[in-house]
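Letter by letter, the chains look like this.
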Amino acid sequence: MNKEEITAKINLFLVDEFEVDADDIEPEANLKDTLGLDSLDYVDLVVSVESNFGVKLVEVDFVGIASFQSFYDLIENKLKSKSIS
């Protein structure tokens, strides 16, 4: 799965799961503010990532994740790590 496919798949489930307008999802936009995430929403986000990509996220993974781009990069790196293992 390439970077564009990862980004498109993430955006699709974010629009569906978090009912955010696709036009509001910009690479440099703030993930938490745009999605209106609270602590329970992060759990939903983790579950969505696991079901869509088969990778697990833990709390420490979100340290430094502010923008959509950093979130895309996190998922891409997790997928690369998974394919190496």
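Everything here concerns the structure above.
Residues numbered from 1 in each chain as written. Predicted model: local features only at pLDDT ≥ 70, side-chain atom pairs only at ≥ 80, totals over all residues. Heavy atoms only, no water.

A. How the structure looks around the overall build of the chain. Helices and strands together make up the secondary structure of the chain, namely four helices and zero strands. In the chain, the succession of α and β elements from N to C terminus is α-α-α-α. With the C-alpha coordinates of the chain rotated into their principal frame, the extents come out at 35 × 25 × 20 Å. The buried share of the chain, taken over its 85 residues, is 39%. Counted over contacts in the chain with a minimum sequence separation of 6, partners at least 24 positions apart contribute 59%. Of the accessible surface of the chain, which amounts to about 5,200 Å², a share of 51% is contributed by carbon and sulfur atoms. (Helix = DSSP H or I, 4+ residues; strand = E, 2+ residues; numbered from the N terminus. Buried < 20%, exposed > 50% of the residue type's maximum accessible area, 1.4 Å probe, protein only. Contact = heavy atoms within 4.5 Å. Areas by Shrake-Rupley, 256 points an atom, 1.4 Å probe, with all protein chains shown as cover.)

B. Main features of the packing of helix α1 (residues 3-18) against helix α3 (residues 39-53). It is the contact of α1 with α3, at a shortest axis distance of 11 Å, that shows an interaxial angle of 135°. It follows from the interaxial angle that α1 and α3 lie oblique. When you trace α1 past α3, the crossing you get is right-handed. From α1, Ile6, Lys9, Ile10, Phe13, Leu14, Glu17 and Phe18 reach across to α3, where they touch Asp41, Asp44, Leu45, Ser48, Val49, Asn52 and Phe53. (Axes fitted to C-alpha atoms, helices over the stretch in contact; angles between N-to-C directions. Parallel < 35°, antiparallel > 145°, perpendicular 65-115°, else oblique. Left-handed = near helix turned anticlockwise from the far one by under 90°.)

C. Representation of helix α4 (residues 68-84) within the structure. Between the first and last C-alpha of α4 there are 24 Å, a value that for 17 residues agrees with the 24 Å anticipated at 1.5 Å per step. By the burial criterion, the buried members of α4 are Phe68, Ser70, Phe71, Tyr72, Leu74, Ile75, Glu76 and Leu79. Next to the buried residues of α4 lie α1, α2 (31-35) and α3. (Expected span 1.5 Å × (residues − 1).)

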